[in-house]
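# Tertiary structure, described
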Amino acid sequence: MTATGLPRWLFVPAALGLLFVVVPLVAMLLTVDWTTFPSLVTSPASLDALALSLRTSAAATALCLVLGVPLAVVLARSPFRWISVIRGFVLLPLVLPPVVGGIALLYTFGRRGLIGEHLHALGVQIAFTTTAVVLAQTFVALPFLVTSLEGALRSAGSRYEDVAATLGARPTTVFRRITLPLVLPGLVSGSVLAFARALGEFGATLTFAGSLQGVTRTLPLEIYLQRETDPDAAVALSLVLILVAVVIVVAVYSRRKERPL
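Residues numbered from 1 in each chain as written. Predicted model: local features only at pLDDT ≥ 70, side-chain atom pairs only at ≥ 80, totals over all residues. Heavy atoms only, no water.

## Some remarks on the nonpolar core
- Of all hydrophobic cores here, the largest spans 22 residues; its most connected members are Cys64, Val146, Leu149, Leu153 and Val183.
- Mapped by element, the contributors of at least two residues to this core are helix H3 (44-77), helix H4 (83-90), helix H8 (130-156) and helix H11 (184-199).
- In terms of residues, this core owes the most to one element, H8, which gives nine residues.
- For valine 183, the residues in contact, after removing those within four places along its chain, are Leu149, Ala152, Leu153 and Ala156.
- Counting 19 residues, the second-largest nonpolar core is a separate cluster that includes Leu40, Ala236, Val240 and Ile248. (Core = buried A, V, L, I, M, F, W, Y, C linked by side-chain atoms within 4.5 Å. Buried < 20%, exposed > 50% of the residue type's maximum accessible area, 1.4 Å probe, protein only. Helix = DSSP H or I, 4+ residues; strand = E, 2+ residues; numbered from the N terminus. Contact = heavy atoms within 4.5 Å.)

This is the structure in structure tokens:
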């Protein structure tokens, strides 16, 4: 046993796991030509893709908040018998290949989709537009917000809400003044993780939105295209995406350590 109380042998597979993640990133760093790096990441196509990714990821995160907060509260607090089945459907995008999600969205909001054909009759097109990018990102990112917030709600318990209700507070007042402030750290963590997942989305976006520069070609799609024509640019853009992801993940988990849920 070590001073931390952990068996010594645990550090061997732990180190191997760390190396399995870190070594490929180091290998990619070693291939970068730093003299051309600034020009590669500031080309018009790269800047368009980065700007589009940031805009759509922010929009997708906002949509996740609008849909995910009520959904997480219902999952955590509702006594419905079939709530576990509902939770299973909500978490389904976590295990589905993103391309399957993109196909599902296409058959829902496409020109001949379940909802899309009615929207098309009204002159509204969603598939292969920037809106499609936001919907694809929301589809894959929503479970991250819901699971984070639901976990925070279950950890916090409902005793404060019960007391407020006993004192005569209306349900909406309890939700606004008690529930949301109580789980604010979990809400922030879930929102940041949803943003990170949306920023890295590829499969569902490509299937449902296509790849049109300035309209639907996000940074992951630009990296994929550059990999075929300019590998150095693909590596440079990948490092930009990794840097953003590292900052987000470190910010989230350092906050969780400071304020455990």
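## Remarks on the packing of H3 against H4
- Two numbers describe how H3 lies on H4: the axes approach to 10 Å, and their chain directions differ by 145°. Helix-helix and strand crossings are classified by hand; for H3 and H4 the assignment is left-handed. Listed contacts from H4 to Leu71, Val74 and Leu75 of H3 are Ile83, Ile86, Arg87 and Val90.
- In terms of residue class, the contact of H3 with H4 is made up of six nonpolar, no polar and one charged. (Axes fitted to C-alpha atoms, helices over the stretch in contact; angles between N-to-C directions. Left-handed = near helix turned anticlockwise from the far one by under 90°. Nonpolar A, V, L, I, M, F, W, Y, C, P; charged D, E, K, R; others polar.)

## A short note on the packing of H3 against H11
- The contact between H3 and H11 brings their axes to 8 Å, and the two run at 135°. As far as their axial angle goes, H11 and H3 are oblique. The element H3 and its partner H11 pack so that their crossing is right-handed. Residues Ser53, Leu54, Ser57, Ala58, Ala60, Thr61, Cys64, Leu65 and Val69 of H3 form the contact with H11, whose own contacting residues are Leu187, Ser191, Ala194, Phe195, Ala198 and Leu199.
- Considered class by class, the residues forming the contact of H3 with H11 number eleven nonpolar, four polar and no charged. (Parallel < 35°, antiparallel > 145°, perpendicular 65-115°, else oblique.)

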